[in-house]
Amino acid sequence: MASVFTNAKIYCGNQVIDPGFIRFDRDIKQVGPMTDYQEEGQDQVKDLSGQIIIPGFIDIHSHGGYGIDNMDADPDKIDEMVDLFLNEGITSYFATTMSQTASNITAAMEAIAEAMKKNDRILGVHLEGPFINEKHKGAQSADHIVPANLDLLKKWQDITGGKIKLITYAPEQANVKAFEDYCLDQGIVLSAGHTDATYDVLDQSPITHITHLFNGQKGIHHREPGTAGFGLLKGDDIKVELIVDGHHIDPKMVDFAYRMKGAKGIVLVTDSMRAKGLPDGESELGGQKVIVKDSTARLESGSLAGSALTYIDAFRNMINFSHCSIEEAVLMSSTNQAEEFKLDGKGYLAEGYDSDFLVLDKDLNLNQTIAAGKVHDCQ
């Protein structure tokens, strides 16, 4: 028995159907205009007149939320956290780590590997650090920053069953070619982040991604474009992450990045930490004390420490800050990620694709998250 949602405005990732219908169980059976709709006897039909359907969000950079962090190394808690992410529209997730001791990262990798067996919405791992530049450490602990270590990376990749999909590192460090070659061979996307790399260094490197643009990197200067300038000036082949919470990047600079880069070159991320979804107060990130005030997380030094951003807010903020279209916001929140990381069945609404999509009202409030065909009413 399939379910059918009818009379919705459907953003498919490559076309807009208005009004349209979507017939689905675990995967999408049919999507098309209402003029093609024919009711089938066993269908469960729901009329979504005045509502919007978009692909589920794909968050490739998030450390935690709702009191849980990947570095807690608790597979049951990670599974619980990813279930809670449904309330903000995240249907696919890369579990993101921090710069800590090698043994702590190993424990986190083991826990994430176990959590992936429980929860098929965890599609991979984003290894953020410890192979970064202390000069731009941000909220990463300086005590645990180390040079690129191929043996450690191989160990962690083996633990996860080859599921490290993205690595944030400093490309300017010495002797990284073998490290980079291994990543390329494994299909791990190389991202410049927490880095002091110049434009020229990056132009000679194999990176294809910039971690949280403008944050934790060499900024734009009129005599040196820096990491941020490289990300903006290169084409769609270099994807840049944006944390669109209004704190990490001024809204006017979000608009600037959108105008420079275009929707096809941007991926929205939350970079959220355990304080997301909790009241203001004291929290923790990477073993460091974090103070959350007015939904902004900072270390005691004042450095931003991840975010308390929900993905649905990131989606709405991107539209409000840049005046991009919903269709473009869909690219930045799902389609681009699916293409960049070759996530089969994700990022589009089309026959045969996974039934991962969201139902929004006309004001872009999230009503329902559908993940693998299961309907979740959002709180």
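What you are looking at is a predicted structure, and each value in this text was computed from that prediction instead of being measured.

The rules behind these values
- Residues numbered from 1 in each chain as written.
- Predicted model: local features only at pLDDT ≥ 70, side-chain atom pairs only at ≥ 80, totals over all residues.
- Heavy atoms only, no water.
- Pairing = 2+ DSSP bridges.
- Helix = DSSP H or I, 4+ residues; strand = E, 2+ residues; numbered from the N terminus.
- Axes fitted to C-alpha atoms, helices over the stretch in contact; angles between N-to-C directions.
- Domains from an automatic or database assignment.
- Contact = heavy atoms within 4.5 Å.
- Buried area = accessible area lost by both parts, 1.4 Å probe.
- Salt bridge = Lys/Arg side-chain N within 4 Å of Asp/Glu carboxyl O.
- Nonpolar A, V, L, I, M, F, W, Y, C, P; charged D, E, K, R; others polar.
- UniProt positions renumbered as here; feature names shortened; annotations may be inferred.
- Phe/Tyr/Trp six-rings, centres within 6.5 Å; stacked < 30°, edge-to-face > 60°.
- Buried < 20%, exposed > 50% of the residue type's maximum accessible area, 1.4 Å probe, protein only.
- Lys NZ or Arg CZ within 6 Å of the ring centre and 35° of its normal.
- Expected span 1.5 Å × (residues − 1).

*Asks:* Could you give an account of the sheet that holds strand E18 (residues 296-299), with specific residues and numbers?
*Replies:* Spatially, the three strands line up as an open sheet ordered E16-E17-E18, and their pairing is antiparallel. Strand pairing shows two members of the sheet lacking a second neighbour, strand E16 (281-285) and E18, which therefore form its edges. Each strand of the sheet is rotated relative to its neighbour by a mean of 35 degrees, with strand direction disregarded. As judged from the five bridges shared by E16 and strand E17 (residues 288-293), these two strands associate in the antiparallel manner. Residue pairing in the sheet places Leu285 in a bridge with Gln288 of E17.

*Asks:* Now, about the domain arrangement of the protein: what can you tell me, with residues and values included?
*Replies:* Interfaces are often described in size by the accessible area the parts lose on coming together. Split into domains, the protein comes out as domain 1 (3-54 + 347-377) and domain 2 (57-341). Computed over C-alpha atoms only, the centres of domain 1 and domain 2 are separated by 30 Å. Taken together, the contact pairs 21 residues of domain 1 with 22 residues of domain 2. Of all residues in domain 1, the largest losses of buried area upon contact with domain 2 belong to Tyr11, Gly347 and Leu364, amounting jointly to 30% of the total for that side. Where domain 1 touches domain 2, the interface holds one salt bridge. Residue Arg26 pairs with Asp120 through a salt bridge whose shortest N-O separation is 2.8 Å. Broken down by secondary-structure element, the contributors of at least two residues to the side of domain 1 that touches domain 2 are strand E5 (52-55), strand E19 (357-360), strand E20 (366-371) and strand E21 (374-377). In terms of residue count, E20 provides more of the side of domain 1 that touches domain 2 than any other element does, four residues in total. Residue classes in the side of domain 1 that touches domain 2 are distributed as eleven nonpolar, six polar and four charged.

*Asks:* Hey, could you go over the UniProt feature "binding site: substrate" (unreviewed entry) in the protein for me, with residue numbers and the actual values?
*Replies:* Under the present numbering, the feature "binding site: substrate" (unreviewed entry) in UniProt falls on Ala139, Asn215, Gly216, Arg223, His248, Leu304, Ala305 and Gly306. Over a stretch of 168 residues, the named residues are scattered through the fold, their C-alpha atoms separated by up to 29.7 Å. Structurally, Asn215 is set in the loop between strand E13 (209-210) and helix H6 (226-233). Contact partners of Asn215, with chain neighbours within four places excluded, come to His248 and Ile249. Inspection of the secondary structure assignment puts Ala305 in the loop between E18 and helix H8 (311-322). Not counting chain neighbours up to four residues away, the residues in contact with Ala305 comprise Ala139, Met273, Leu285, Val290, Ala297, Arg298 and Leu299.

*Asks:* Give a detailed account of the packing of aromatic side chains, specifying residues and quantitative values.
*Replies:* On inspection of all chains with the given rule, the structure shows 14 aromatic pairs. Centroid distance Phe21 to Tyr37: 5.1 Å. Interplanar angle 55 degrees. Geometry classified as tilted. Pair noted here: Phe21 is in strand E2 (residues 16-24) and Tyr37 is in the loop between strand E3 (28-33) and strand E4 (44-47), with a separation of 16 residues, a long-range link. Here Phe21 matches Tyr37 in class, with each residue buried. Arranged with centres 5.0 Å apart and planes meeting at 80 degrees, the rings of Phe94 and Phe341 form a pair that is edge-to-face. Highlighted residues: Phe94 in strand E9 (residues 90-96) and Phe341 in the loop between helix H9 (326-340) and E19, separated in sequence by 247 residues. There is no split in this pair, since Phe94 and Phe341 are both buried. Three or more aromatic residues joined by ring pairs make a cluster, and in this case those are Phe131, Trp156, Tyr169 and Phe179. Positioned above the aromatic ring of Phe5 is the side chain of Lys46, whose terminal nitrogen or guanidinium carbon lies 5.9 Å from the ring centre.

*Asks:* Summarise H8; cite the residues concerned and give the values.
*Replies:* Helix length check: H8 (twelve residues) gives 16 Å between terminal C-alpha atoms against 16 Å at 1.5 Å per residue, within 8%. Along H8, nine of the twelve residues are buried, which leaves the element largely enclosed by surrounding structure. For H8, every residue scored as buried is listed here: Tyr311, Ile312, Ala314, Phe315, Asn317, Met318, Ile319, Phe321 and Ser322. Looking one or two places after H8, you find His323, whose phi comes out positive at around 60 degrees.

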